[in-house]
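# Fold and contact review
Below, each chain spelled out in residue letters.
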Amino acid sequence: MELSFSLLLILCISFVGQVCARPATFLQDFRVTWSDSHIRQIQGGSAIQLVLDQSSGCGFASKNQYLFGRVSMKIKLIPGDSAGTVTAFYMNSDIDNVWDELDFEFLGNRSGQPYTVQTNLYAHGKGDREQRVNLWFDPSAAFHTYSILWNHHHVVFSIDDVPIQVYQNNEVRGIPYPKSQPMGVYSTLWEADDWATRGGLEKIDWSKAPFYAYYTAFDIEGCSVPGPAACASNPSNWWEAPAYQELDALQARRYKWVRMNHLIYDYCSDKSRYPVPPPECYAGI
Ligand SMILES: *[C@@H]1O[C@H](CO)[C@@H](O)[C@H](O)[C@H]1NC(C)=O
């Protein structure tokens, strides 16, 4: 299934400075941003172990920023009693007041209770678009693929090719959409037991520390910034192709299945927060 390394190398050379798919090691694309001692490279740098203990959590970030594309990683979350821990994987443009941000947050739970995945999207500094799903598998038993597709048409958060949140570009209706700020890719593992699990009722059990999460298969395909400015508006980027402009029939079915069976919170239907749902909620999926 995978292209051979030499073929990838040829592809990379012919796309130098543009878009380049290749098997990534952690250090090719990322750097540690918080607590070096809590991030360990394993398997020759193709995977990492994140550590959370009472002294610190940790975090890493991409060296470059990206404007449109798809970012995916395989993650294996903290097993057993992970209540009070949060593992995050997100993109952020880091511009004060008007930043754009695309979030995956994995909220730990007591042993045997389901992990919750919260997604959220900030456009021009405004977020408050949380959705939560309880996972339909044990995310600590094996690696699963978490990805963010971001093009001119929509943002799609997916788990193993199952879309869990979709945000359409409805700029024509005056609804903000992230489209001009390049974003970096970030991840952190930290303690947030004041809110994460059952709204903060379940506290972290430090007797179970250290807590470990694992990441591998780092894959960023997008228009790199710095890089050629014309890239982001090039319609021949694969992530802009018709097949990625809307969910296909299978993805739409899976998305509906998640919403019917695993969605536990959707800001669009939170009447106490939004007596009138925000405009994008009427715009369809
Ligand atoms: C944890 O488990 C409880 C009980 O099953 C569930 O209500 C909750 O949504 C789960 N997730 C979090 C983050 O609290």
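Residues numbered from 1 in each chain as written. Predicted model: local features only at pLDDT ≥ 70, side-chain atom pairs only at ≥ 80, totals over all residues. Heavy atoms only, no water.

Take the UniProt feature "active site" (unreviewed entry) in the protein chain next. The sites that carry the UniProt feature "active site" (unreviewed entry) are, in the present numbering, E101 and E105. Looking at the element boundaries, E101 is found in strand β6 (residues 101-107). For E101, a relative accessible area of 12% puts it in the buried group. When sequence neighbours within four positions are dropped, the list of residues in contact with E101 reads Y90, M91, N92, N120, L121, Y122 and M183. Mapped onto the elements, E105 comes out in strand β6. Not counting chain neighbours up to four residues away, the residues in contact with E105 comprise V86, T87, A88, T116, V117, Q118, W190 and W195. (UniProt positions renumbered as here; feature names shortened; annotations may be inferred. Helix = DSSP H or I, 4+ residues; strand = E, 2+ residues; numbered from the N terminus. Buried < 20%, exposed > 50% of the residue type's maximum accessible area, 1.4 Å probe, protein only. Contact = heavy atoms within 4.5 Å.)

On to the site of the ligand, then. Around the ligand, the structure places L107, G108, N109, Q113, P114, T116, N134, A196, T197, R198 and I264. Here a nitrogen atom of the ligand sits 2.8 Å away from a polar atom, N or O, in the side chain of T116. Between R198 and the ligand, the recorded distance is 2.8 Å, taken from a backbone N or O atom to an oxygen atom. A per-class count over the shell around the ligand returns four nonpolar, six polar and one charged. (Near = heavy atom within 4 Å. Polar contact = N/O pair within 3.5 Å; in protein donor to acceptor, adjacent residues only side chain to side chain. Nonpolar A, V, L, I, M, F, W, Y, C, P; charged D, E, K, R; others polar.)

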